[in-house]
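# Reading the structure
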Amino acid sequence: MTIMEFQERFATEEACRAYLFACRWPEGFRCRRCGGAEVGVMHRRRRVWQCKGCGSQTSVTAGTVMHGTRQPLRLWFWAAYLVATHHPGISAVQLQRQLGIGCHETAWMMLHKLRRAMVAPEREPLGGEVEVDEFFLGGLEEGLTGGRARGKKTLVGIAIEVRGAGSGRVRLRVLKDASGDSLEALVTTTTVAGAIVHTDAWAGYNGLAKLGYDHRPRSQNAAPRGEHLLPRVHRAVSNLKAWLHGTHRWASPEHLQAYLDEFVFRHNRRRNPHAAFQTLLGLSTHHEPATYRHIIDQAA
Ligand SMILES: [Zn+2]
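So, a few notes on the structure that sits alongside this text. Just so you know, these numbers come straight off a predicted model, no measurement behind them. (Residues numbered from 1 in each chain as written. Predicted model: local features only at pLDDT ≥ 70, side-chain atom pairs only at ≥ 80, totals over all residues. Heavy atoms only, no water.)

### Here's the deal with the packing of helix 3 (residues 73–85) against helix 10 (residues 273–281)
When two helices pack together, their arrangement is given by the angle between their axes and by how far apart the axes lie. Between helix 3 and helix 10, whose axes approach to 9 Å, the crossing angle comes to 130 degrees. Considering their axes alone, helix 3 and helix 10 lie oblique with respect to each other. The way helix 3 lies across helix 10 gives a crossing that is right-handed. Residues Trp76, Phe77, Ala80, Tyr81, Val83, Ala84 and Thr85 of helix 3 lie in contact with helix 10, whose contacting residues are Pro273, Ala276, Phe277, Leu280 and Leu281. Along the lines of polarity and charge, the residues of the contact of helix 3 with helix 10 split into 11 nonpolar, 1 polar and no charged. (Axes fitted to C-alpha atoms, helices over the stretch in contact; angles between N-to-C directions. Helix = DSSP H or I, 4+ residues; strand = E, 2+ residues; numbered from the N terminus. Parallel < 35°, antiparallel > 145°, perpendicular 65-115°, else oblique. Left-handed = near helix turned anticlockwise from the far one by under 90°. Contact = heavy atoms within 4.5 Å. Nonpolar A, V, L, I, M, F, W, Y, C, P; charged D, E, K, R; others polar.)

### Focus on the pattern of salt bridges
All told, the structure shown has 8 salt bridges when counted by the stated rule. Across the pair Asp214 and Arg216 runs a salt bridge whose closest N-O atoms are separated by 2.8 Å. Connected through shared salt-bridge partners, Arg115, Glu262 and Arg266 make up one network. (Salt bridge = Lys/Arg side-chain N within 4 Å of Asp/Glu carboxyl O.)

### Thoughts on the coordination of the zinc ion
Only Cys31 (SG), Cys34 (SG), Cys51 (SG) and Cys54 (SG) from the protein reach the zinc ion as donors, at distances of 2.3 Å. Coordination at the zinc ion is tetrahedral: its 4 donor atoms span angles of 100 to 115 degrees at the metal. (Donors = N, O, S within 2.8 Å, 3.2 Å for Na, K, Ca; no water. Tetrahedral: all angles 85-135°; square planar, octahedral: opposite > 155°, others 65-115°.)

### Some remarks on the packing of helix 4 (residues 92–99) against helix 5 (residues 104–116)
It is the contact of helix 4 with helix 5, at a shortest axis distance of 8 Å, that shows an interaxial angle of 115 degrees. Taken together, the axes of helix 4 and helix 5 lie roughly perpendicular to each other. In this structure, the crossing between helix 4 and helix 5 has a hand that is right-handed. Contacts between helix 4 and helix 5 involve Ala92, Val93, Leu95 and Gln96 from the former and His104, Ala107, Trp108 and Leu111 from the latter. Taken together, the residues of the contact of helix 4 with helix 5 break down into 6 nonpolar, 2 polar and no charged.

### Digging into the sheet that holds strand 5 (residues 154–163)
Strands sit in the order 6-5-4-7-8 across an open sheet of 5 strands; the sheet is mixed. Looking along the sheet, the strands with just one partner apiece sit at the ends: strand 6 (166–174) and strand 8 (214–217). For this sheet the average axis-to-axis angle between neighbouring strands, irrespective of direction, equals 25 degrees. When strand 7 (residues 196–199) meets strand 8, the two strands line up parallel, connected through 4 bridges. What sits directly across from Ile196, in strand 8, is Asp214. (Pairing = 2+ DSSP bridges.)

### Some words on helix 10
A large share of helix 10 lies buried, amounting to 8 of its 9 residues. Looking only at helix 10, the buried set comprises His274, Ala275, Ala276, Phe277, Gln278, Thr279, Leu280 and Leu281. Turning to helix 10, the residues buried within the fold contact helix 1 (3–9), helix 2 (13–24), helix 3, helix 5 and helix 9 (256–268). (Buried < 20%, exposed > 50% of the residue type's maximum accessible area, 1.4 Å probe, protein only.)

### Description of the packing of aromatic side chains
One pass over the structure, following the stated rule, counts 16 aromatic pairs. Ring centres of Phe10 and Phe77 lie 4.9 Å apart, and the angle between their planes is 70 degrees; on these two criteria the pair is classed as edge-to-face. Placement of the pair is Phe10 in the loop between helix 1 and helix 2 and Phe77 in helix 3, with a sequence separation of 67 residues. Site record: aromatic cluster; members linked through ring pairs are Phe6, Phe10, Tyr19, Phe77, Trp78, Tyr81 and Phe277. (Phe/Tyr/Trp six-rings, centres within 6.5 Å; stacked < 30°, edge-to-face > 60°.)

### Looking at the pairing of strand 7
Neither face of strand 7 is left uncovered, since the one carrying Ile196 and His198 and the one carrying Val197 and Thr199 both have all their residues buried. Of the strand pairs in this sheet, strand 4 (residues 129–137) and strand 7 are connected by 3 bridges, and their pairing is parallel. When the bridges of strand 7 are listed, Val130 appears paired with Val197.

What follows is the structure, encoded as structure tokens:
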């Protein structure tokens, strides 16, 4: 969705409410109490809908990030759109400026609530063919050089799906160490058993076959000259480092997992900003609601 399309589509509070309604009832409204299919707007400001059969009321913001908010839905929609589509991520100050929010605390709280959706654990495990590796992050803290800087580095595990020549979904985890236990836990918590797992020849990965994976270790010497043994890992790690240093300068080790989760969120939805938008708002549906156009036509 382009910014023009977004602006047209969510031009009014009514349009936002209708969209939430369609996300809530993708097959069309069905009253939970009486089964009635006819519904009317009960209270616009409180976003409450009422069944015409029995009079029971439902809020379309229940269960979403917008529940109980006093801010207009349009503001939330715009904030989620900017967070979902602004590639390196957006700060509270940028959000406040771009949306003309008077109070910085409001912008900060909205951003905080939207970003919380990014740290939700990803449920579907990776499958098919996966590259797995571990690498160090950090050590670039200001005023530190040499050995002390190196002391700040954090070990991170990565698993990334092979999709032809490109990459599918990614997972990133802070690791305690590069032992067999840590690396096996990385694979079992991110990747479905039976998947093909490519790694380097590090002994820490030796137990994967016993855990039911089709483990295919290779030494770096096996890679063609000038190429990386695990090219998707290499690309994702370069992107991650550029993003961390460019957007956040540096993340302290105790907050690193949250930044890794945000990177994973953005990477895994990079071709589907609409899914990112819905997840940020806390909408449970992850596809275009079928009845949305229908409702907008009715409302018009
Ligand atoms: Zn009813």
